[in-house]
Amino acid sequence: MVILTAIDRDPGCKGVVETAYDLSTSMDMELVILHVVPEDGNEEKARQEIEEIVTSVIGTLEGVDLRIMPEQTRRDLPTGRTANHILQVAEEIEPDYIVIGSRKRTGLGKILLGSVSKLILANADVPVVTVEQKRRAEAE
């Protein structure tokens, strides 16, 4: 049994990691943590930052399947590339749950489609747990 969690490099995602870790340990499930690196991003720097976030929450990387995946340009996906990569990994590993962060949005932000969490919620074939992701200033 597997839990897939997808995080960004924002310190606010620590609650997402904590929730995914707590679920995986309480249900004796494997934990896969995924980060999709933007096209113009530095993959090695991203790996270091994600490792720091994960170890600051759970103390170790032992027993965690950490995957850093470069985003790839696709002409057929003008938006939602990150969500598509997450869903693609989910299709490959067939998790029992997906755990993702979601930021509070107001006004126009609620109306606009295309956020990663909304796309995953709408398209995942397994239950999705959303965790409110704190703003950067609150998380540090």
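Since the structure is predicted, the reported quantities are computational estimates derived from the model, not experimental observations. (Residues numbered from 1 in each chain as written. Predicted model: local features only at pLDDT ≥ 70, side-chain atom pairs only at ≥ 80, totals over all residues. Heavy atoms only, no water.)

A. Region of interest: the pairing of strand S4 (residues 97–102). Sheet topology places strand S1 (residues 2–6) next to S4; four bridges connect them, and they run parallel. Note that in S4 the partner of Ala6 across the bridge is Ile100. Both S4 and strand S5 (residues 128–132) contribute to a ladder of five bridges, which runs parallel. Across the sheet, the residue bridging to Val99 is Val129, located in S5. (Pairing = 2+ DSSP bridges. Helix = DSSP H or I, 4+ residues; strand = E, 2+ residues; numbered from the N terminus.)

B. Looking closely at the pairing of strand S3 (residues 64–70). Examined bridge by bridge, strand S2 (residues 30–37) and S3 share seven bridges and lie parallel to one another. Within the sheet, the bridge partner assigned to Val32 lies in S3 and is Asp65. On the question of chirality, the crossover connecting S2 to the parallel S3 by way of helix H2 (residues 43–58) is right-handed. (Right-handed = clockwise from strand over helix to strand, strands pointing away.)

C. A look at helix H1 (residues 14–26). Helix length check: H1, at 13 residues, gives a terminal C-alpha distance of 18 Å against a target of 18 Å (1.5 Å per residue), a fit within 8%. The set of residues buried in H1 consists of Val16, Val17, Ala20 and Ser24. Taken end-on, H1 shows its buried residues confined to a sector of 95°, consistent with a single buried face. Looking at the buried residues of H1, the elements they touch are S1, S2, H2, S4 and S5. Asp28 sits one or two residues past H1 and shows a positive phi near 50°. (Expected span 1.5 Å × (residues − 1). Buried < 20%, exposed > 50% of the residue type's maximum accessible area, 1.4 Å probe, protein only. Arc of directions from axis to C-beta. Contact = heavy atoms within 4.5 Å.)

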